[in-house]
Amino acid sequence: MIFQPKAARTDLAMELSDHLPEGTELRTGNSGGFAVTDIHLKSESAARSVGKAVGRYLTLEPRDSFEMIPSSADEYSMGLAGKLRELLGDAKTVFVAGLGNESITPDSLGPRVVSHIFATRHIPTDAPELDTEGLRSVSCAAPGVMGQTGIETAEFLSSLIEKVSPDAVIVIDALACQDPRHLGRTIQLTDAGISPGSGVMNSRSEVSHRTLGIPCIAIGVPTVADAGTKDEPLMVTPKNIDKLISTCAMIISGGINACLQPGLTLGELRLLTA
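Remember, it's a predicted structure, so these values are computed and weren't measured experimentally.

Engineer: Just to check I follow, could you spell out the pairing of strand E3 (residues 55-62) for this structure?
Structural biologist: Every regular strand shows the same layout, with side chains that alternate between the two sheet faces. Within E3, seven of the eight residues are buried, which leaves the element mostly enclosed by the surrounding structure. Relative to E3, strand E2 (residues 34-41) runs antiparallel, the two sharing eight bridges. Of the residues in E3, the one forming a bridge with Thr 37 is Thr 59.

What follows is the structure, given as structure tokens:
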């Protein structure tokens, strides 16, 4: 089945699950406080038919609303850490990139997450007297958007990755959805990378294993929903977007830190990144 443009205005693979073609594996379950939908697009033909790239797409839906900081935030961070570990594998050095425009609230998720990532790559050089055994080498950056820098995100990341030489990249970005009920209520992880802005028909160059040359895990939360028509596009965002971004950034940064530094507790990681 070939999707029409209206159906393609979403970044969430789960919103295409009613029309998945042959060559797709779909599993559901519960883990870490989340209902988990695991879609694996195994062939190029299957991926093309739904406008996605080959790979796994994990959607995590929480029991509680992200409108307020949930009492189970630590549980969600640890649940996210477990799923991220599945996709990341045994990468020893990791680069974390927060995509988006920090000045525009619905697009600020990536930079907000990166501001709370525990960066460790510099520690052995700057503080050799410290015991860094067990710490994974982590570096991070928020490259901004092309409208601010004049540089494609993929170009920016390629240059940094060439210099830093990580084993894998984690990118965080705000997503678009079709169903408003998914706004701020789902977290998607995928090993297929991302095309920034694709959900709002403003796609930039792909950020993926193919373009960067190393595994690329993308994490996102839908912060805008498609409320328009084919002829009159309209994207909407919830009125409590500030709180949703804050809470989602806390949970995602906690999950990334817990995944990358399993020898530290979430409490210790929060103190190190406050």
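Engineer: Is there a simple way to think about the side chain of Lys 52 in this case?
Structural biologist: As for its placement among the helices and strands, Lys 52 is situated in the loop between helix H2 (44-49) and E3. Of the buried charged residues, Lys 52 lacks a salt bridge, with Asp 11 as the closest side chain of opposite charge at 4.8 Å. When neighbours within four sequence positions are excluded, Lys 52 is seen to be in contact with Thr 10, Asp 11, Leu 12, Ala 13, Leu 16, Leu 41, Ala 47 and Tyr 57.

Engineer: I tried to follow helix H3 (residues 73-88) on my own but got confused; where do I start?
Structural biologist: Counting along an α-helix, one turn takes 3.6 residues, and residues three or four places apart therefore face a common direction. Between its first and last C-alpha, H3 extends 22 Å over 16 residues, near the 22 Å set by a 1.5 Å rise per residue. Within the sequence span of H3, burial applies to Ala 73, Tyr 76, Ser 77, Gly 79, Leu 80, Ala 81, Lys 83, Leu 84, Leu 87 and Leu 88. In the stretch just after H3, Gly 89 is the one whose phi turns positive, near 70°.

Engineer: What should I look at first to understand the environment of Pro 106 in this one?
Structural biologist: Relative to the assigned elements, Pro 106 resides in the loop between strand E4 (93-99) and helix H4 (109-114). Taking the C-alpha atoms as reference points, Pro 106 and Thr 237, separated by 131 residues in sequence, lie 7.2 Å from one another. Those residues within four positions of Pro 106 in sequence are excluded, and the remaining contacts are Ala 174, Thr 223, Val 224, Thr 237, Ile 241 and Ile 245.

Engineer: Got a minute to help me understand unusual backbone geometry in this structure?
Structural biologist: Glycine aside, a negative phi is what most residues show, and trans is what most peptide bonds show. Unusually for a residue other than glycine, Ser 165 sits at a positive phi of about 55°. By the element assignment, Ser 165 lies in the loop between helix H7 (153-164) and strand E6 (168-177).

Engineer: Is there a simple way to explain the confidence of the model for the protein in this structure?
Structural biologist: Regions with low pLDDT carry predicted coordinates that are not meant to be interpreted in detail. Of all residues in the protein, 93% have pLDDT values of 70 or greater, and the mean over the chain is 88. In the predicted structure, residues 1-7 sits below a pLDDT of 50 and forms 15 contacts with residues beyond four places in sequence or in another chain.

Engineer: Hey, could you run me through the packing of H3 against helix H9 (residues 241-260) in this one?
Structural biologist: Describing two packed helices takes the angle between their axes plus the distance from one axis to the other. One way to put it is that H3 packs onto H9 with a least axis distance of 7 Å and a crossing angle of 50°. The angle between H3 and H9 places the two elements in the oblique class. In terms of crossing hand, the pair formed by H3 and H9 is right-handed. Contacts between H3 and H9 involve Ala 73, Tyr 76, Ser 77, Met 78, Leu 80, Ala 81, Leu 84, Arg 85 and Leu 88 from the first element and Met 250, Ile 251, Ile 252, Gly 254, Gly 255, Ile 256, Ala 258, Cys 259 and Leu 260 from the second. Taken together, the residues of the contact of H3 with H9 break down into 14 nonpolar, three polar and one charged.

Engineer: What am I meant to see in the packing of aromatic side chains here?
Structural biologist: Aromatic rings considered in pairs are described by the distance between their centres and by the relative angle of their planes. Tallying each qualifying case throughout the model produces one aromatic pair. The interplanar angle of 35° and the centroid separation of 4.9 Å between the aromatic rings of Phe 34 and Tyr 76 together place this pair among those described as tilted. Of this pair, Phe 34 sits in strand E2 while Tyr 76 sits in helix H3, placing them 42 residues apart in sequence.

Scoring rules and cut-offs
Residues numbered from 1 in each chain as written. Predicted model: local features only at pLDDT ≥ 70, side-chain atom pairs only at ≥ 80, totals over all residues. Heavy atoms only, no water. Buried < 20%, exposed > 50% of the residue type's maximum accessible area, 1.4 Å probe, protein only. Helix = DSSP H or I, 4+ residues; strand = E, 2+ residues; numbered from the N terminus. Pairing = 2+ DSSP bridges. Lys, Arg positive; Asp, Glu negative; His and termini not counted. Salt bridge = Lys/Arg side-chain N within 4 Å of Asp/Glu carboxyl O. Contact = heavy atoms within 4.5 Å. Expected span 1.5 Å × (residues − 1). pLDDT = per-residue confidence, 0-100. Axes fitted to C-alpha atoms, helices over the stretch in contact; angles between N-to-C directions. Parallel < 35°, antiparallel > 145°, perpendicular 65-115°, else oblique. Left-handed = near helix turned anticlockwise from the far one by under 90°. Nonpolar A, V, L, I, M, F, W, Y, C, P; charged D, E, K, R; others polar. Phe/Tyr/Trp six-rings, centres within 6.5 Å; stacked < 30°, edge-to-face > 60°.

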